[in-house]
There are 2 protein chains.
Amino acid sequence: MARPTIEDIARRVGVSKGAVSFALNGRPGVSEATRARILQVAEEMNWRPHTAARALGGARAGAVGLVIARPARTLGVEPFFAQLLSGLQAGLSAHSVALELLVVEDTTAEIEVYRRWASEHRVDGFIMVDLKVRDTRVDVVEGLGVPAVVLGGPGRHGSLSSVWADDREAMLSIVDYLAALGHRRIAHVAGLPAFQHTQRRMRALRDSARRHGLTDVSSLPTDFSDAEGAATTRMLLSRPGRPTAIVYDSDLMAVAGLGVAGEMGVAVPGELSIVAFDDSVLTRIVHPALTALSRDTFALGTEVAETMLALVAEPGLRRDRRTPTPRLAVRESTAPPALAG
Amino acid sequence: MARPTIEDIARRVGVSKGAVSFALNGRPGVSEATRARILQVAEEMNWRPHTAARALGGARAGAVGLVIARPARTLGVEPFFAQLLSGLQAGLSAHSVALELLVVEDTTAEIEVYRRWASEHRVDGFIMVDLKVRDTRVDVVEGLGVPAVVLGGPGRHGSLSSVWADDREAMLSIVDYLAALGHRRIAHVAGLPAFQHTQRRMRALRDSARRHGLTDVSSLPTDFSDAEGAATTRMLLSRPGRPTAIVYDSDLMAVAGLGVAGEMGVAVPGELSIVAFDDSVLTRIVHPALTALSRDTFALGTEVAETMLALVAEPGLRRDRRTPTPRLAVRESTAPPALAG
DNA sequence: GCCGACTACTAAACCGCTCTAGTGACTGGG
DNA sequence: CCCAGTCACTAGAGCGGTTTAGTAGTCGGC
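Remember, it's a predicted structure, so these values are computed and weren't measured experimentally. (Residues numbered from 1 in each chain as written. Chains lettered and ligands numbered in written order. Predicted model: local features only at pLDDT ≥ 70, side-chain atom pairs only at ≥ 80, totals over all residues. Heavy atoms only, no water.)

Caption draft 1: Structural detail: the sheet that holds strand 8 (residues 245-248) of chain B. Residue and element names in this part refer to chain B. Taken in spatial order, the six strands line up as 7-6-8-9-10-12 in an open sheet, and their pairing is mixed. Single-partner strands in this sheet number two, and they are strand 7 (216-220) and strand 12 (327-329). Sheet twist, expressed as the mean angle between neighbouring strand axes with direction ignored, is 20°. As paired strands, strand 10 (residues 291-294) and strand 12 are joined by three bridges and run antiparallel to one another. For Leu293, the partnering residue across the bridge sits in strand 12 and is Leu328. Packing of helix 11 (residues 226-238) onto the sheet brings it into contact with strand 6 (185-189), strand 7 and strand 8, and relative to strand 8 it is tilted by some 165°. (Pairing = 2+ DSSP bridges. Helix = DSSP H or I, 4+ residues; strand = E, 2+ residues; numbered from the N terminus. Axes fitted to C-alpha atoms, helices over the stretch in contact; angles between N-to-C directions. Contact = heavy atoms within 4.5 Å.)

Okay, here's the thing in structure tokens:
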């Protein structure tokens, strides 16, 4: 038999389609005896629901959408995304919800996809990342009437739910640590300034510097690429009064920076301490291993997934979930600064 | 208006649903004038097809499935997958086909997902990776009657289509190069021996060694993790008569190996040459940059996507596509072996 | 012994789209 | 002038579920 439908089951059991539907969905309207028989026959015939048919009736699509606006080629290099994806997967697949993934070039295209997917009834909700300072996506998605979870905060994300880690606290802990080691000239190789989290980190750095009375502290924006991370490092290390410590907004840039230091003969951690704002194998397999802010990105993903599922189950709900503040994993790339300097 | 349907359009234009359907799908049955009016109204009303409704009629689902059997946490670290994903995305989204991604624990679960998705009519085809030596998935998917593309070959993948790069040629070119530099003791830190591509590479290495008259050449299987890559390297470097060159089956393991060399005070490339069988930013940002087999994984992804789309459009088609043999990108990690040895 | 409430079910509408069979108007050939 | 053939379009059946309205049958209470 090609693909049994509930009609086939109904015929075989000798009841109506409706009864079968009730039985299979565990809702009242059939006796326990009948339900058992129906379930048994369904099992025998190896019946599976036809998702399209279900979705047509106005029910769930059984999938959530993740749209990432980045040049497609660069997605591959960020361990963060891959980890996040894994976590999302784990959280969603436990409930048999699929993840529809799409990488687009820019925010305009991203919005277009949200519109399309929503109207095509393709997904039950959206997951949004990389929130910008003044993000046009928020309004659009709010207007779509489809649940959405924003990764990142606290910040301007309107009425949408969010899951976030405390970037500010994290940055403060890094500066505290470096200052305690004796560093007074600290540079911050930041990410795209358009992003909310970049802004939060830059602000935290400034505040912390003031608190510690450090005057030679600065943030330098980049586009998150290893190329710009390396170029910025090269620039920092070749100017007089160079920093004794650099904080990188991603592990990838930190590793690129470490490469530059090696190339320029700057000893790490002897002459330069390096801290990465993100952790992954990357920071552990290089030599020296990098001190890094270790947040469990995988867990972050599962957290987002769960929030998403809760929202889908109960529309109108709003949830803001703060994940544990990441802690600093101290490795070999940080040490007190050289006395000269 | 909530969500316009073709019925709404039909009413507004003053024609029947059928006519609207014909017009919107560019098939004959309506005059050009009517078609133009319908398209215009559809545009005005911002109509979008309801994918579920379409799929219900027996048409396309508009998505293809990729199931990866790996411990979810490890997915994040392989640049290869992320790159591949990007390429797939690019190829599919150009035709508005979505990618349904699922990470499962093992092959049994993977097969279960294929079965479920096929019977749920959720996807139009499957993309399979990591083919094993005797892979049970092939038979199952063949029996499902859903088109599938296998990444990797040439090998046993039954009647399924495939896209592959020539691993054998690639390994031969690496050994040729190392032999030409003067290396005679070469080790190969391989991946999981259960995989077809691992077997092909190991066989190629053996054959090539014989051809070059090299006797001290061996392959050591690992699980592809950075941990086992590092451990194997440690073992290799600490035994007497250690290799002067190591070929790693992935860029991640190569970088891990480089870290071990640094830790053990073995100079690269002075005392040890390192070649990675995969390329990504990883190999370029470390210092020294690694000589690597550079295949365009992104392009591989788009190639797979196109093959998939062709198969969906024309069921029964079978295509075996060989991609360009990857070429060796020589960087700083390879040099002639030290004279002493 | 009748009414109302409840149970266990059936029949059929409905979701939005596709596609086939059918219809009326027009055209052209004999 | 009639008939076949084409064209442009309509009506409506189906796809596989969910859901609502309706209907027997049973039971309990007064």
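Alright, that's what it looks like, and here's the rest.
Caption draft 2: Focus on the sheet that holds strand 9 (residues 273-276) of chain A. Residues and elements named next belong to chain A. Reading across from one edge, 7-6-8-9-10-12 is the order of the six strands in this open sheet, with mixed pairing throughout. The open sheet terminates on both sides in strands that have one partner only, identified here as strand 7 (216-220) and strand 12 (327-329). Pairs of neighbouring strands in the sheet enclose a mean axial angle of 20°, with direction left out of account. Across four bridges, the pairing between strand 6 (residues 185-189) and strand 8 (residues 245-248) is parallel. Counterpart to His188 in the pairing with strand 8 is Val247. In this fold helix 11 (residues 226-238) packs onto strand 6, strand 7 and strand 8, with an angle of close to 165° to the strand it touches most, strand 8.

Caption draft 3: Up close: the nonpolar core. Of all hydrophobic cores here, the largest spans 58 residues; its most connected members are A:Ile246, A:Leu272, A:Ile274, B:Ile246, B:Leu272 and B:Ile274. Residues contacting A:Leu272, with those up to four places away along its chain left out, are A:Leu237, A:Pro243, A:Thr244, A:Ala245, A:Ile246, A:Ala261, A:Val266, A:Ala267 and A:Ser333. Residues A:Leu88, A:Leu92, A:Val304 and B:Leu88 belong to the second largest nonpolar core, which totals 48 residues. (Core = buried A, V, L, I, M, F, W, Y, C linked by side-chain atoms within 4.5 Å. Buried < 20%, exposed > 50% of the residue type's maximum accessible area, 1.4 Å probe, protein only.)

Caption draft 4: Seen up close, the protein's contact with DNA strand D. For DNA strand D, the set of nearby residues contains 27 residues, the closest of which are A:Ser21, A:Arg54, B:Ser16, B:Ser31 and B:Thr34. When atoms of DNA strand D within 4 Å of the protein are sorted by moiety, sugar and phosphate together comprise 57%. In this structure, a phosphate oxygen belonging to DNA strand D sits 3.1 Å away from a side-chain N or O atom of A:Asn25. Take A:Ala53: an N or O atom from its main chain is 3.3 Å from a base nitrogen of DNA strand D. (Near = heavy atom within 4 Å. Polar contact = N/O pair within 3.5 Å; in protein donor to acceptor, adjacent residues only side chain to side chain.)

Caption draft 5: Quick peek at the environment of A:Arg185. With respect to the helices, strands and loops of the structure, A:Arg185 is situated in strand 6. At a separation of 3.3 Å, a polar atom in the side chain of A:Arg185 contacts the main-chain carbonyl oxygen of A:Gly241.

Caption draft 6: Examining the protein's contact with DNA strand C more closely. Not every one of the 24 residues close to DNA strand C is listed here, only the nearest: A:Ser16, A:Ser31, A:Thr34, B:Ile6 and B:Lys17. Each atom of DNA strand C within 4 Å of the protein belongs either to a base or to sugar and phosphate, the latter forming 62%. Within the side chain of B:Arg27, one N or O atom sits 3.2 Å away from a phosphate oxygen of DNA strand C. Take B:Ala53: an N or O atom from its main chain is 3.3 Å from a base nitrogen of DNA strand C. At the level of secondary structure, the elements contributing two or more residues to the surface near DNA strand C comprise helix 2 (17-24) and helix 4 (51-56) of chain B. For the surface near DNA strand C, the class distribution of residues is nine nonpolar, 11 polar and four charged. (Nonpolar A, V, L, I, M, F, W, Y, C, P; charged D, E, K, R; others polar.)

Caption draft 7: Layout of the pairing of strand 4 (residues 148-151) of chain A. All names here are of chain A. Of the two faces of strand 4, the one lined by Ala148 and Val150 and the one lined by Val149 and Leu151 are each fully buried. Looking at chain direction, strand 3 (residues 125-128) and strand 4 are connected through three bridges and run parallel. From the neighbouring strand, Phe126 faces strand 4, where its bridge partner is Ala148. Following the chain from strand 3 across helix 8 (residues 136-144) to the adjacent parallel strand 4, one finds a crossover that is right-handed. Where strand 4 and strand 5 (residues 161-164) come together, three bridges link them in parallel fashion. The residue bridging Val149 from the neighbouring strand is Ser161, located in strand 5. (Right-handed = clockwise from strand over helix to strand, strands pointing away.)

Caption draft 8: Structural view of the packing of helix 1 (residues 6-13) of chain B against helix 2 of chain B. All names here are of chain B. At a minimum axis separation of 8 Å, helix 1 and helix 2 run at an interaxial angle of 105°. Judged by the angle between their axes, helix 1 and helix 2 are roughly perpendicular. Counted together, Ile6, Glu7, Ile9 and Ala10 of helix 1 and Lys17, Val20 and Leu24 of helix 2 form the full contact between these two elements. In terms of residue class, the contact of helix 1 with helix 2 is built from five nonpolar, no polar and two charged. (Parallel < 35°, antiparallel > 145°, perpendicular 65-115°, else oblique.)

Caption draft 9: The arrangement of the side chain of B:Ser273 in detail. Residue and element names in this part refer to chain B. With respect to the helices, strands and loops of the structure, Ser273 is situated in strand 9 (residues 273-276). Under the relative-accessibility criterion, Ser273 is labelled buried at 1%. A polar contact is formed between the side chain of Ser273 and the backbone oxygen of Ala335, at a distance of 3.0 Å. Excluding residues that lie within four positions of it along the chain, Ser273 makes contacts with His183, Thr244, Ala245, Ile246, Ser333, Thr334 and Ala335.

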